[in-house]
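What follows is the residue order along each chain.
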Amino acid sequence: GGAQLRESPLLFLQLWNNNQAPERVRIGLEQSLRDLQLDYLDLFLIHTPMGFQPGDNLFPTDENGKAIYHNTDIRDTWKALEACKDAGLVQSIGVSNFNKRQLELILNMPGLKYKPVCNEVECHIYLNQNKLLEFCEIQNIVLIAYGVLGSGRSKKW
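Bear in mind that the values here come from a model prediction, so they are computed numbers and not experimental data. (Residues numbered from 1 in each chain as written. Predicted model: local features only at pLDDT ≥ 70, side-chain atom pairs only at ≥ 80, totals over all residues. Heavy atoms only, no water.)

Participant: Looking at this model, I keep getting lost on the overall build of the protein. Mind explaining?
Facilitator: When helices and strands are counted, the protein shows four helices and seven strands. Written out in order from the N terminus, the α and β elements of the protein read β-α-β-β-β-α-β-α-β-α-β. Each of the 157 residues in the protein was classed as buried or not, and the buried ones make up 36%. Once local pairs closer than 6 in sequence are excluded, the contacts in the protein between residues at least 24 apart make up 69%. (Helix = DSSP H or I, 4+ residues; strand = E, 2+ residues; numbered from the N terminus. Buried < 20%, exposed > 50% of the residue type's maximum accessible area, 1.4 Å probe, protein only. Contact = heavy atoms within 4.5 Å.)

Below, the structure written as structure tokens:
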């Protein structure tokens, strides 16, 4: 048995920050599946370890234009992703922009069914992620790099 060629590209999306409350995870995923006219995704990632105010507003802000964050426990978000995997809506689940401590919250949670398969982070010559890469390798988590040619960061950052 040689390697099999995939007939379609790998399809993955990220759970946006306004859908991190556990009751909104599946809602957000199912809306994306409807929009894309798909039955499932190959990979679904938590976009960041911090959530916005739950709701339909992608960028909720207060009267001063500041983002409205929500104190969702990322472990509860992860449990909701596991349920989506169990329901066959996604084949694999992972994270994006997580540091070692945030990964450990998931890896050490009681009743963990599925480890993150990957962690997508900014990684380039000016921001090497050697320590995070080493941790991910030990945990059998693939580190996916974005911004590999550097980052055109906003001056606000």
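Participant: Please clarify how the sheet that holds strand 1 (residues 12–15) should be interpreted in this entry.
Facilitator: Sheet strands line up and pair through hydrogen bonds in the backbone, either parallel or antiparallel. Spatially, five strands are ordered 1-2-5-6-7 in an open sheet, and the strand pairing comes out parallel. The open sheet terminates on both sides in strands that have one partner only, identified here as strand 1 and strand 7 (142–146). Averaged over all pairs of adjacent strands, the angle between their axes in this sheet comes to 30°, without regard to strand direction. Where strand 1 meets strand 2 (residues 41–46), four bridges bridge the pair, whose relative direction is parallel. Counterpart to Phe 12 in the pairing with strand 2 is Leu 43. Packed on one face of the sheet, helix 2 (residues 74–86) meets strand 1, strand 2 and strand 5 (90–96) and runs near 160° to strand 5. (Pairing = 2+ DSSP bridges. Axes fitted to C-alpha atoms, helices over the stretch in contact; angles between N-to-C directions.)

Participant: Please explain the pairing of strand 5 as it appears in this structure.
Facilitator: Each regular strand displays side chains that alternate between the two surfaces of the sheet. The buried fraction of strand 5 amounts to five of the seven residues, a majority that puts the element mostly inside the structure. Examined bridge by bridge, strand 2 and strand 5 share five bridges and lie parallel to one another. Its bridge partner lying in strand 5, Leu 45 is registered against Gly 94. Relative to strand 6 (residues 118–122), strand 5 runs parallel, the two being bridged by two bridges. What sits directly across from Val 95, in strand 6, is Asn 119. Chirality of the crossover, the property in question, places the unit of strand 5, helix 3 (residues 100–107) and strand 6 among those that are right-handed. (Right-handed = clockwise from strand over helix to strand, strands pointing away.)

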